[in-house]
Amino acid sequence: MSLTYDMLINQEDLVQAQADMLELLRRAEALKTKLNDMYDSLNDALDTPTGKEMKLEGKYAILEPVENLVVVLRQVYLTLVKVNGRGFYEDVFIEFEELNNSINFN
């Protein structure tokens, strides 16, 4: 069994991943907004001391995980934006090709 593997980085796949991640981020942000609105509506109906306590606990239990998800998705998206195009992987491959082409094996 070989411990060596070639890693292929496909620019088109990175661009598609960036677009997909942006769509997922937008959907997660919309979900967060919708849940927050629904939660506010529920708490308006429970305008009692118990309802106020439920609001605090429920926000932590229901909304915080979605907010954390949005933060993670945003970071992944921004990382993909950074690695796409010139300035990251593409420059490495261009310089490798230039170096490879400049070596004389005489």
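Throughout, a residue's number is its position along its own chain's written sequence, starting from 1. Confidence filtering applies because this is a predicted model: local features only for residues at pLDDT of at least 70, side-chain atom pairs given and counted only at 80 or more, and all residues used for totals across whole chains, interfaces and linings. Think of the side-chain values as coming from all heavy atoms in the structure, minus any hydrogens and water.

Glancing now at the overall build of the protein chain. Numbering of helices and strands runs from the N terminus; a helix is a DSSP stretch of H or I covering at least four residues, while a strand is a stretch of E covering at least two. From N to C terminus, the protein chain includes three helices and zero strands. Secondary structure elements of the protein chain, listed N to C terminal, follow the sequence α-α-α. A buried classification covers 16% of the 106 residues belonging to the protein chain. Working rule for contacts: check all heavy atoms of both residues, and any pair within 4.5 Å makes them a contact. For the protein chain, restricting intrachain contacts to residue pairs at least 6 apart in sequence, the fraction spanning at least 24 positions comes to 72%. Burial status follows relative accessibility: with a 1.4 Å probe on protein chains alone, a residue under 20% of its type maximum counts as buried, one over 50% as exposed, and anything between as partly exposed.

Attention shifts here to helix H1 (residues 11–45). One fewer than the residue count of a helix, multiplied by 1.5 Å, yields its expected span. Across its 35 residues, H1 extends 51 Å between first and last C-alpha, which sits within 8% of the 51 Å expected from 1.5 Å per residue. Within H1, burial applies to Leu14, Gln18, Met21, Leu25, Ala28, Tyr39 and Asn43.

Note on placement: asparagine 84 falls in the loop between helix H2 (49–83) and helix H3 (89–102). Within polar-contact distance, the side chain of asparagine 84 engages the side chain of glutamine 18 at 2.3 Å. Setting aside anything within four residues of it in sequence, one finds asparagine 84 in contact with Gln11, Leu14, Val15 and Gln18. Polar contacts, as used here, are pairs of N or O atoms within 3.5 Å; protein pairs need one atom able to donate a hydrogen and one able to accept it. Residues neighboring in sequence count only if both atoms are side-chain atoms.

Our focus in this paragraph is the nonpolar core. The tendency in soluble globular proteins is for nonpolar side chains to be buried side by side. Among the nonpolar cores identified, the biggest contains nine residues, and these are Leu14, Met21, Leu25, Ala28, Val70, Leu73, Tyr77, Leu80 and Val83. For this core, the secondary structure elements donating two or more residues are H1 and H2. Per element, the largest residue contribution to this core is five residues, and it comes from H2. When near neighbours in sequence (up to four residues on either side) are disregarded, methionine 21 contacts Leu73, Val76, Tyr77 and Leu80. Side-chain atoms within 4.5 Å are what join buried Ala, Val, Leu, Ile, Met, Phe, Trp, Tyr and Cys residues into a set we call a nonpolar core.

A few words on the confidence of the model for the protein chain. The predicted coordinates ought not to be read in detail in places where the model reports low pLDDT. Per-residue confidence from the prediction method is given by pLDDT, with values spanning 0 to 100. When the pLDDT values of the protein chain are averaged, the result is 81; 80% of them are 70 or greater. Averaged pLDDT values over the elements of the protein chain bottom out at 78 in H3 and peak at 88 in H1.

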